[in-house]
Amino acid sequence: MKSIYITTPIYYVNAKPHIGHAYTTIVCDVFARLCRMLGYDVKLSTGTDEHGKKIEQSASNSGIEPQKFADDISKIFRDLLPILNITNDDFIRTTEPRHKKTVKHFWKILKEKGYIYLGEYSGWYDIRNEAYFDESELVDGKSPLGGEVQFLTEACYFFKLSAFGDRLLKFYEENTEFIYPVQRKNEIISFINRGLKDLAISRTTFNWGVPVPDDPKHVVYVWLDALTNYLTVNGYPENEDQNNDKYWQNVIHFVGKEIVRFHALYWPAFLMAANIIPPKQIVSHGWWLSEGEKMSKSLGNVQDPVKYCKLFGSDALRYFVLRELSFGSDGNFSLSGFIGRYNSILANAYGNLCSRVFSLVKKNCNGHIKRPSDTLKEEDTSFITGVDTSVQEAISLAKKYAFSRYLEKIEYATSLANQYVDFQKPWALKETNPKRMQDILFILVEQIYKITKMLYPVIPIAAEKILKHINPTYELKIEDDEKLQDSVDIGELEMLFPKIDAKDGGLDVFTDD
Ligand code: ME8
C-alpha cells in the first residue's frame, strides 16, 4: 500500500481561526479522504504555532501568561476540527514537550554538522515594537511601524543558508513539481539568484520560545521551531531514519502563498543540512479576500467558519470553499455567493435529483428496482458514458489539486442526470411501459451512486447517507468499474439540502454581531 503524509500549516495562536485557516484544513481533509479512497495509507496532521514575540505580545496585551493564552486559543483551533469534519491523525502544538525535544535535537544535528555558528546581528532596532529593520526600510528616520530606532548589535546564531543556493537550484531543477503551482517557483529562484545571506535563527529579545541548547539566553527562531513540527509528528528523532520512512518519502505540505518561501527554501535547506530528504511537494493556494483585501485577523475583516457550519452544516461550507476559489488564485468570500452556490448546486441540481429519483422508485416500483436485462438504448449508454468520463476527469483534476474544476465535472455529470430524467420522463411510463420505467430508474440510481462517491470527500455527511441508502454495504473506495448490485431496494430519503431562503434563512444571524 502506498503511503502519503499530508500537512496543514500550524496556525498562530494570536487570534481565533477564520475562513482562511478553515480553507487550508478543509482542502487537506478533502485530499486526504480522496487519497484513502484511492487506496493510500494517509497520515494527516494539523496544529498550532505557539511561540514567538507576536504571541508573547498578544498574551501580554490580554494580561494573560503566554502558556495560558496559547492553551485557550489552541483549544479553539482544535475544537474547530470536528465542526469542519476533519479526519486528522494528529494535532501538534509547538509548546508540547515532544516538539521541544525534536527542535533541540534538530538544532544539535545542524550544529554538529557545522551549519550553525554564533555571530552578530546588527540593524536598526525599533525598541517599542522589538523588531529590527534595514536602513532601506526606515521611514523619516523611524521604523516602518512608527517607533524610534537605534542601531544595535547583538549576539545571534546563524544558519549557513548561503551554502545552499546551488543545491536548492539543482533540487528544483530535478524535482520540477516540487513547488506547486510552478509559477511560484520563479519567485523563489529569483530570490536565490539575488544571493542568499545566512539566516539569523536565534533571538535574545524575548523568552517565549524553545531555549537554544547550551545557550538558553537565546530562543530558537520561530520559523525553525515551527517547520520542525512536521518531523515531530512523524516521530523524529526516535524515528530517526526519516529517509526510509514511508510517510516522509511522500510528504506534501499545503500552505497559503505567503509562506511558500519558508517551506520551499528555508525548510529544504535545513533538512539538507541534517541529511534528511526534502519534502515531496509544497502545494500553495491563494487567499480569501474580503472586499478585495486579504482576510486576516489584523485587518479585522474575517468570517467565522463556525457560524457557517452551525447554520448550513459543514458539508455546505466545505463544498462552497472548494468550488468558489480556483485553487492557486485569490477569491472573495461572500454570504450571497455562498447561498447562491448552495441553492443552485446542493439544493437544486444534486439534492433534487436524488429526492425525485428516490421518490419515484418508492412510489412507482415499491422501492425495488433491478438491473436492466435487455440491451441498453443509445440514449442510456451515452448518458452512462458521459457520467463515467466526467468521473475520470474529476479524479485526475483532484489529483492535480484543481478542486474547483473537479467539482465542476461532478456538477456536469449531475446535469446530465437531470437532463436524462427530464427527457426520459420515467413517471409517464408507469402504465404504458413499467419495465422501461424501471430500467431508467435503475440506470439513474447507479449514476447517482457514482456521482455521490465522487462527492464524498467534499460532503462526507450527506454522501455517506446517500451511499448507504442505495447500498448498505458500500465501501469508500474508488473502483475502476463502479457498479451496484443487480437488485436495489430503496425508500425515500430525508431532505439533505433544504433550500436556503436568503430572507429568513439566516442572514439576520450574521448581523447579530
Ligand atoms: O503563517 N486565505 O500561521 P498563520 C487563505 N504559523 N488562506 C489563509 C488566509 C486567507 N485569507 N489566512 C490564513 C503561519 N490562511 C505560521 C505557519 S507552518 C510551519 C507555520 C491560511 O496563522 C493559509 O494556509 O498566519 C496560510 O498560509 C495560513 O493560514 C497562515 O496561518
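The shown structure was predicted, so the numbers you read here are calculated from the model rather than taken from an experiment.

1. Let's talk about the sheet that holds strand β2 (residues 41-49)
In space, the six strands of this open sheet follow the order β3-β2-β1-β12-β13-β7, with parallel pairing throughout. Edge positions in the sheet fall to β3 (90-93) and β7 (179-180), since each has one partner strand and no second. Of the strand pairs in this sheet, β2 and β3 are connected by four bridges, and their pairing is parallel. Across the sheet, the residue bridging to Ser 45 is Asp 90, located in β3. Helix α1 (residues 19-37) rests against β1 (3-12), β2, β12 (251-256) and β13 (281-285) of the sheet, and its axis sits at about 170° to β1. The strands that helix α9 (residues 260-273) touches are β7, β12 and β13; relative to β12, the one it contacts most, it runs at about 140°.

2. Here we look at the side chain of His 469
You can see His 469 is positioned in helix α16 (residues 460-470). Engagement of the side chain of His 469 in a polar contact is seen with the backbone oxygen of Gly 491, the distance being 2.6 Å. Once residues within four sequence positions are removed from consideration, His 469 is found in contact with Phe 358, Asp 489, Ile 490, Gly 491, Glu 492 and Leu 493.

3. A few points about the site of the ligand
In the vicinity of the ligand, 25 residues are found, and the nearest of them are Ile 10, Thr 24, Asp 49, Glu 258 and Trp 288. Between the ligand and Tyr 12 there is a distance of 2.9 Å, counted from an oxygen atom to a backbone nitrogen or oxygen. In this structure, His 21 approaches the ligand through a side-chain N or O atom, which is 3.5 Å from an oxygen atom. With the chains in place, 96% of the 670 Å² that the ligand exposes on its own is no longer accessible. Of all the secondary-structure elements, those providing two or more residues to the shell around the ligand are β1, α1, α7 (222-227) and α8 (229-233). Looking at the shell around the ligand element by element, the count peaks at four residues for β1.

4. Quick word on the domain arrangement of the protein
According to the domain assignment, the protein consists of domain 1 (3-285) and domain 2 (343-489). The straight-line distance from the C-alpha centre of domain 1 to that of domain 2 is 44 Å. Tallying the contact residues gives 14 residues for domain 1 and 15 residues for domain 2. Interface area for domain 1 against domain 2, summed over the two sides, is near 1400 Å², with a carbon-plus-sulfur share of 75%. If you sort the residues of domain 1 by the area they bury against domain 2, Arg 33, Leu 34 and Met 37 come out on top, with a joint share of 46%. Linking domain 1 to domain 2 there are zero salt bridges.

5. Side note on the pattern of salt bridges
According to the stated counting rule, one finds 29 salt bridges in the structure shown. In this structure, Lys 453 and Glu 482 form a salt bridge, with 3.0 Å as the shortest nitrogen-oxygen distance. Placement of the pair is Lys 453 in helix α15 (residues 434-455) and Glu 482 in the loop between α16 and β18 (487-489), with a sequence separation of 29 residues. For Glu 482, a relative accessible area of 13% corresponds to the buried category. Connected via shared salt-bridge partners are Asp 29, Arg 33 and Arg 318.

6. What about the nonpolar core?
Note that soluble globular proteins tend to have their nonpolar side chains buried in a common cluster. Judged by nonpolar contacts, the single largest core of 111 residues is most densely connected at Ile 6, Phe 254, Leu 317, Val 321, Tyr 406 and Ile 459. Per-element accounting of this core gives the leading share, 15 residues, to helix α12 (residues 335-365). Two domains each put at least three residues into this core: domain 1 (3-285) and domain 2 (343-489). Excluding anything up to four places from it in sequence, Tyr 406 contacts Ala 394, Leu 397, Ala 398, Met 454, Pro 457 and Val 458.

7. Regarding the packing of helix α5 (residues 165-174) against helix α6 (residues 183-193)
With their axes 10 Å apart at the nearest point, α5 and α6 run at an angle of 155° to one another. Considered as vectors, α5 and α6 are oriented roughly antiparallel to each other. Between α5 and α6 lies a crossing whose hand is left-handed. Listed contacts from α6 to Gly 165, Leu 168, Leu 169 and Tyr 172 of α5 are Lys 185, Ile 188, Ile 189, Ile 192 and Asn 193.

Analysis parameters
Residues numbered from 1 in each chain as written. Predicted model: local features only at pLDDT ≥ 70, side-chain atom pairs only at ≥ 80, totals over all residues. Heavy atoms only, no water. Pairing = 2+ DSSP bridges. Helix = DSSP H or I, 4+ residues; strand = E, 2+ residues; numbered from the N terminus. Contact = heavy atoms within 4.5 Å. Axes fitted to C-alpha atoms, helices over the stretch in contact; angles between N-to-C directions. Polar contact = N/O pair within 3.5 Å; in protein donor to acceptor, adjacent residues only side chain to side chain. Near = heavy atom within 4 Å. Areas by Shrake-Rupley, 256 points an atom, 1.4 Å probe, with all protein chains shown as cover. Domains from an automatic or database assignment. Buried area = accessible area lost by both parts, 1.4 Å probe. Salt bridge = Lys/Arg side-chain N within 4 Å of Asp/Glu carboxyl O. Buried < 20%, exposed > 50% of the residue type's maximum accessible area, 1.4 Å probe, protein only. Core = buried A, V, L, I, M, F, W, Y, C linked by side-chain atoms within 4.5 Å. Parallel < 35°, antiparallel > 145°, perpendicular 65-115°, else oblique. Left-handed = near helix turned anticlockwise from the far one by under 90°.

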